[in-house]
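Residues per chain, in single letters:
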Amino acid sequence: AVVSTQSGHYGRGARGELQTSTSNSHDPIQTDNTDNWFSFAAGKGTMKKTCPGLHHCGWKYPMWLGGESPTEEGKISMLMGHAATSASNVCSITNSHPVYIVKCGETYYHKYTRIISYSGYCVDEDFSDVCKNAVELSEEWRGTTIDKTRDHCDTLGLSDFESWYRMNVYEKKMPDHCVAPNKCGGDTGYYVGGELGHPAAGEGIVGRTFYYSSASNCKASALNGHILNCGNKDDGDDYIYKWVKPSGCDRVFCVEQDPCSSTVYKKLDQDGRAGRTASADKISDNTLEHGWYRFPRDEGIMAKSPVLPGHSGIT
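Residues numbered from 1 in each chain as written. Predicted model: local features only at pLDDT ≥ 70, side-chain atom pairs only at ≥ 80, totals over all residues. Heavy atoms only, no water.

Chemist: Which parts of the structure should I look at to understand the overall build of the protein chain?
Modeler: When helices and strands are counted, the protein chain shows two helices and 16 strands. A burial count over the protein chain gives 44% of its 315 residues as buried. Taking contacts inside the protein chain between residues at least 6 apart in sequence as the whole, the part at least 24 apart equals 68%. Accessible surface computed for the protein chain: about 16300 Å², of which carbon and sulfur atoms make up 47%. (Helix = DSSP H or I, 4+ residues; strand = E, 2+ residues; numbered from the N terminus. Buried < 20%, exposed > 50% of the residue type's maximum accessible area, 1.4 Å probe, protein only. Contact = heavy atoms within 4.5 Å. Areas by Shrake-Rupley, 256 points an atom, 1.4 Å probe, with all protein chains shown as cover.)

This is the structure in structure tokens:
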């Protein structure tokens, strides 16, 4: 009885948050339809509650709901629908308009007040197949502590940029902090920028801006993309990523490393390294590779005072 006006049933798969779009299409639910109530057959039939990023859900500027859908049967609630139109900050809200929602049985009906140009509302989807089929990246050179040894290039090296990718090495996620140049196996390594960071399990697909740094700027260049957390509260986080293709080569996507992890550092445990110990065994560190090292013996730290010749394995 609450939904007394004409009701439209939109089953377009393009509304699902797994759909991408490079077109400037308009949502058929426009201002002249604001007296109607609509339900969605796409995906789960519920509107997305987090920012999906640009060019998703079939729209250039997909819109999402700023709150949880009502749970009480037959009660009309008003929430704000948001859109972000900035290419440099993909989840910075630039437009907001009221949305009325009512729950009738298992179906949600929506009534809109306005939808901006090149925009449309985004619908939640089931991600089980996407999470299962993500392409795994397990190259150790992607680590944030790994110095560049050759010019790796994800622009040409990745199979395609329509697929989702999972980091399957080290901390199994991209860093949320600035990464110095000449790390991660390339000239420039991308990291997740902005204050939002990685999404929690259950948030669905979120839009994020990825940056690489120069010697003087942590945000030397930006790249748009998306993150999906396939995990849950019992098994923990499980992130997969989808990126726009970078414009240049020698650009790579980094994997977070913990310098205190035994997978990152090497041990220097030769006899005679103790600064107070005279040793006939001569040690040369000229052959050590760039990287992190740990002294597992004695106090585990480097000497704080001058070391006498012939001690600590040094001539």
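Let us keep going from here.
Chemist: Please explain the state of the cysteines as it appears in this structure.
Modeler: One covalent bond between the sulfur atoms of two cysteine residues makes up a disulfide. Using the criterion set out here, one finds six disulfides in the structure. Note that Cys131 is cross-linked by a disulfide to Cys230, the S-S spacing being 2.0 Å. Of note, the bridge from Cys131 to Cys230 carries an S-S torsion of about -85 degrees and is left-handed in sense. In this pair, Cys131 is assigned in helix 1 (residues 128–133) and Cys230 in the loop between strand 12 (221–229) and strand 13 (239–243), connecting sequence segments 99 residues apart. With its sulfur 2.1 Å from that of its partner, Cys184 forms a disulfide with Cys254. In this structure the cystine formed by Cys184 and Cys254 twists about its S-S bond by roughly 110 degrees; its chirality is therefore right-handed. Here Cys184 is found in the loop between strand 9 (165–167) and strand 10 (188–192), whereas its partner Cys254 is found in the loop between strand 14 (251–253) and strand 15 (266–267), with 70 residues between them in sequence. Relative accessible area serves as the criterion here: at 0%, Cys254 is assigned to the buried category. Counting its disulfide-bonded cysteines in sequence order, the protein chain shows a connectivity of 1-3, 2-4, 5-10, 6-11, 7-9, 8-12. (Disulfide = S-S within 2.5 Å.)

Chemist: Where do I start with a nonpolar patch on the surface in this structure?
Modeler: The grouping of Ile76, Met78, Met80 and Tyr100 at the surface amounts to a nonpolar patch, some 330 Å² of accessible area in total. Locating Ile76 in the fold gives a position in the loop between strand 3 (61–65) and strand 4 (77–83). (Patch = residues over 30% accessible without salt bridge, like charges linked within 9 Å, V, L, I, M, F, W, Y side chains within 5 Å. Salt bridge = Lys/Arg side-chain N within 4 Å of Asp/Glu carboxyl O.)

Chemist: Can you walk me through the packing of aromatic side chains in this structure?
Modeler: Any two aromatic rings considered together are summarised by their centre-to-centre distance and by the angle between their planes. This model, assessed by the stated rule, comprises eight aromatic pairs. When the ring of Tyr190 is compared with that of Tyr212, the centres are 5.4 Å apart and the planes differ by 70 degrees; the resulting orientation is edge-to-face. Of the two residues, Tyr190 is situated in strand 10 and Tyr212 in strand 11 (residues 206–212); the sequence distance between them amounts to 22 residues. Overall, the relative accessible area of 1% leaves Tyr190 in the buried class. Overall, the relative accessible area of 11% leaves Tyr212 in the buried class. (Phe/Tyr/Trp six-rings, centres within 6.5 Å; stacked < 30°, edge-to-face > 60°.)

Chemist: I tried to follow the environment of Ala201 on my own but got confused; where do I start?
Modeler: Topologically, Ala201 is positioned in the loop between strand 10 and strand 11. On the accessibility criterion, Ala201 (35% relative accessible area) is partly exposed. Through-space distance from the C-alpha of Ala201 to that of Asn229 is 5.2 Å; in sequence the pair is 28 residues apart. Not counting chain neighbours up to four residues away, the residues in contact with Ala201 comprise Asn229, Gly231, Asn232 and Asp237.

Chemist: I'm lost on the environment of Lys267 in this one. Help?
Modeler: Along the chain, the position of Lys267 falls in strand 15. Taking the relative accessible area as the measure of exposure, Lys267 reaches 53% and is therefore exposed. As for Lys267 and Tyr293, which are separated by 26 residues in sequence, their C-alpha atoms are 5.7 Å apart. Setting aside chain neighbours within four positions, we find Lys267 in contact with Arg294 and Pro296.

Chemist: Looking at this model, I keep getting lost on the environment of Val252. Mind explaining?
Modeler: Note that Val252 resides in strand 14. The class of Val252 is buried, set by a relative accessible area of 0%. Once the C-alpha coordinates of Val252 and Gly157 are considered, the two residues, 95 residues apart in sequence, prove to be 9.2 Å apart. Not counting the four nearest positions on each side in its chain, Val252 is found in contact with Trp141, His152, Cys153, Asp154, Lys183, Cys184, Gly186, Thr188, Gly189 and Tyr190.

Chemist: Sorry if this is basic, but what is going on with the pattern of salt bridges here?
Modeler: A side chain with one charge may pair with a side chain of the opposite charge, provided their charged atoms come close. All told, the structure shown has 10 salt bridges when counted by the stated rule. Taking the shortest distance from any N to any O, the salt bridge between Asp124 and Lys49 comes out at 3.8 Å. One end of the pair, Asp124, is in the loop between strand 7 (119–121) and helix 1; the other, Lys49, is in the loop between strand 2 (37–40) and strand 3, and 75 residues separate them in sequence. Assessed through its relative accessible area of 15%, Asp124 is described here as buried. Glu162 serves as the salt-bridge partner of Lys242, at 4.0 Å between the closest nitrogen and oxygen. Taken together, the positions of Lys242 in strand 13 and Glu162 in the loop between helix 2 (154–157) and strand 9 put the pair 80 residues apart, joining distant regions of the chain.

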